[in-house]
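Structural description and commentary
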Amino acid sequence: LVNRTFAVEVTKMVQPDDVVWVHDYHLSLLPRMMSEEEAKIGSRLTKKIFYLHIPFPVSMIFKEIEFGATVLEGILHADIVGFHGFTDARHFLSSAKRILGLSHDSLEGGLLGVKYKGRTVVVTMSSVSVEPEIVDAVMSFPTVISGTAELKSKHSGRSIIAGVDVAQYLSGVSLKLATYEHLLQDSPSWRDKVVLVQRCLIPGARRLDEARTIREIRGIVNQIKSKFGDAVIDYEEVYGSSMPIDQRVSLWKAADCLFSADVRGGLAMMPLEFVFAQKGKDSPGIVIASEFSGIFSILNGALRISPFDMKNTLATVDRALAMSKQEREGRHLRDIDFVSSSGSDKWI
């Protein structure tokens, strides 16, 4: 019903040769429904782009969705289908092959094309970064300068591991905290040298998931404090879907490392924001990113982890904390050009 309503109203608004850009899975049926509305008036008015912001599941999972074929057909009525990374595009193409029997070909410029109802649907991969002018301006805010100084003073003498995550299962916060607890248990030398500054966002979108996750997180946080003291972890909950940007940037500028342990995630802006905020630092911070997150396919300088492989994750966190200034600078240089020059104006 929602997709149909959009289709009817948007078709009334568009002019011939307009481009309609459809965003995310909620409106995956809209390209097809718009084509149906255009057919009623006997004219194909628009070019359509569909862009998916979340990971596309593997075909073995997608084919089990009751209306999977309908969703695919809805998307394939677009002229261009876009994804953040190649893995998601590959899963989409595999699903189109397995469910609809559609093959794909290579096109000029590194693009891919799917033949569908006599048309070639272009499949592309493109990513967007932060708005560099905005983040650059925020970095000079008095609240950011004072906030950074307060965090460094509060945790003086300790390396700061930063984390800002939605308090839901797929964010992997419990796995991150369990790993951190084992780091302190197995490597006593870090107990007086490191602190995890973790902020958990509670948007209220998935109340049952959030309630269970917060209960589990609070239990692990209390366990860490009882074993190792309050100084090793700085934990706060933030109600809403985001932290104010000046508070985030204060944390990024103070931190030596950003630790993300997504079980499954799309392209999050915060790791990109973190990389940008390292500009000008004597020893830039390092991103530890889950291989199941969209960000890992974009940040070449990040350290990869699987949140389910605690042994490897422990070694990676230890490596990030002990990393030389030279390696930190090298990893930062791999990403800063993309992060600084790929705002939404370039994406569009």
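Let me sum up the structure you'll find in this document. (Residues numbered from 1 in each chain as written. Predicted model: local features only at pLDDT ≥ 70, side-chain atom pairs only at ≥ 80, totals over all residues. Heavy atoms only, no water.)

**Topic: the overall build of the chain**
We apply this condition: Here a helix means four or more residues in a row that DSSP labels H or I, a strand means two or more in a row labelled E, and each is numbered from the N terminus. As defined in this context, the radius of gyration uses C-alpha atoms, and a globule is described by 2.2 Å times the residue total to the power 0.38. Buried means the residue's accessible area, taken with a 1.4 Å probe over protein chains only, is under 20% of the maximum for its type, while exposed means over 50%, and partly exposed covers the values in between. Only heavy atoms matter for contacts: two residues are in contact if any of them lie within 4.5 Å across the pair. Using a 1.4 Å probe, accessible areas were evaluated by the Shrake-Rupley method; residue-level cover was limited to the displayed protein chains.
The number of helices and strands found in the chain is 14 helices and 12 strands. Here the C-alpha atoms of the chain give a radius of gyration of 23 Å, agreeing with the 20 Å that 2.2 N^0.38 yields for 348 residues. The buried share of the chain, taken over its 348 residues, is 50%. Put simply, of all contacts in the chain between residues at least 6 apart along the chain, 75% involve residues at least 24 apart. On the chain, roughly 16600 Å² of surface is accessible, and the fraction owed to carbon and sulfur atoms is 54%.

**Some thoughts on the sheet that holds strand S5 (residues 112–116)**
What counts, and what does not: Between any two strands, at least two bridges found by DSSP are needed for them to pair. In this analysis an axis means a line fitted to C-alpha atoms, helices contributing only their contacting stretch, and an angle means the value between N-to-C directions, from 0 to 180 degrees.
Judged by pairing direction, the sheet is mixed, and its 6 strands sit side by side in the order S1-S2-S3-S6-S5-S4 without closing on themselves. Unpaired on one side and paired on the other, strand S1 (19–23) and strand S4 (104–106) mark the two borders of the sheet. Here the average twist between neighbouring strands, direction ignored, is 25°. Here 3 bridges tie S4 to S5, and the two strands are oriented antiparallel to one another. Looking at the pairing, Asp105 lines up with Gly113 of S5.

**Quick notes on helix H1 (residues 2–13)**
Selection criterion: A helix is expected to span 1.5 Å multiplied by its residue count minus one. Here, the arc refers to the directions that run from the helix axis to the C-beta atoms.
Taking 1.5 Å of rise per residue, 12 residues should cover 16 Å, and H1 covers 17 Å from first to last C-alpha, within 8% of that figure. Here H1 has its buried residues at Asn3, Ala7, Val10 and Thr11. Viewed along the axis of H1, the buried residues span an arc of 100°, placing them on a single side of the element. Those residues of H1 that are exposed and aimed more than 90 degrees away from the buried face are Val2, Lys12 and Met13.

**So, helix H11 (residues 270–277)**
Burial analysis of H11 places 8 of its 8 residues in the buried class, which makes it a mostly covered element. Within the span of H11, buried status applies to Met270, Pro271, Leu272, Glu273, Phe274, Val275, Phe276 and Ala277. In this structure, the buried residues of H11 make contact with helix H6 (132–138), strand S7 (159–166), helix H10 (245–254), strand S10 (257–259), strand S11 (286–290) and helix H13 (325–341).

**Section: the pattern of salt bridges**
As a reminder, the rule being used: Each reported salt bridge corresponds to a side-chain nitrogen of Lys or Arg within 4 Å of a carboxyl oxygen of Asp or Glu.
The final tally for this structure, using the stated rule, is 20 salt bridges. Lys40 is paired through a salt bridge with Glu37; the nearest N and O atoms lie 3.1 Å apart. Here Glu37 and Lys40 lie together in helix H2 (residues 30–40), a separation of 3 residues that amounts to about one turn. By relative accessible area, Glu37 is classed as buried at 10%. Asp234 is the salt-bridge partner of Arg199, the closest N and O atoms lying 3.2 Å from each other. On the criterion of sequence distance, the pair formed by Arg199 in strand S8 (residues 194–202) and Asp234 in strand S9 (residues 233–239) is long-range, its members being 35 residues apart. One salt-bridge network, in which partners are shared between bridges, spans Arg4, Arg32, Glu36, Glu37 and Lys40.

**What about the sheet that holds S8?**
Here we have 6 strands laid out as an open sheet, ordered S9-S8-S7-S10-S11-S12, and parallel in their pairing. At either margin of the open sheet sits one strand with a lone partner, and together these are S9 and strand S12 (303–305). Ignoring which end each strand starts from, the neighbouring axes of this sheet average 20° apart. As paired strands, S10 and S11 are joined by 3 bridges and run parallel to one another. Considered in S11, the bridge of Cys257 is made with Ile286. With respect to the sheet, helix H8 (residues 173–186) is in contact with S7, S8, S9 and S10, its orientation differing from that of S8 by roughly 165°.

**So, unusual backbone geometry**
Notably, Asp17 is not glycine yet its phi reads approximately 75°, a positive angle. Within the element layout of this structure, Asp17 appears in the loop between H1 and S1. For Asp17, a relative accessible area of 68% translates into the label exposed. A positive phi is found at Lys117, a non-glycine position, where the angle reads about 55°.

**Structural notes on the packing of aromatic side chains**
Put simply, the rule reads: Any two rings among Phe, Tyr and Trp, with Trp reduced to its six-membered ring, count as a pair given centres within 6.5 Å; such a pair is stacked if its planes are under 30 degrees apart, edge-to-face if over 60, and tilted if neither. In our convention, an over-ring charge means Lys NZ or Arg CZ found within 6 Å of a ring centre and within 35 degrees of that ring's normal.
Taken as a whole, this structure holds 6 aromatic pairs when the rule is applied. Chaining the aromatic ring pairs together yields one cluster made of Phe56, Phe62, Phe83 and Phe92. The ring of Phe259 carries Lys176 above its face, with NZ or CZ at 5.7 Å from the centroid.

**Some remarks on the nonpolar core**
Condition: Remark: nonpolar core denotes a set of buried residues (Ala, Val, Leu, Ile, Met, Phe, Trp, Tyr, Cys) joined through side-chain atoms within 4.5 Å.
Core analysis: the biggest nonpolar cluster contains 38 residues, and Trp252, Leu272 and Leu299 have the highest contact counts within it. Going through the elements one at a time, H6, helix H7 (142–154), S7, S8, H10, H11, S11 and H13 are the ones with two or more residues in this core. Ranked by residue count, the leading element in this core is H11, at 6 residues. Discounting chain neighbours no more than four positions away, the residues touching Leu272 are Val128, Ser129, Val130, Leu267, Ile295, Ile298, Leu299, Phe338 and Val339.

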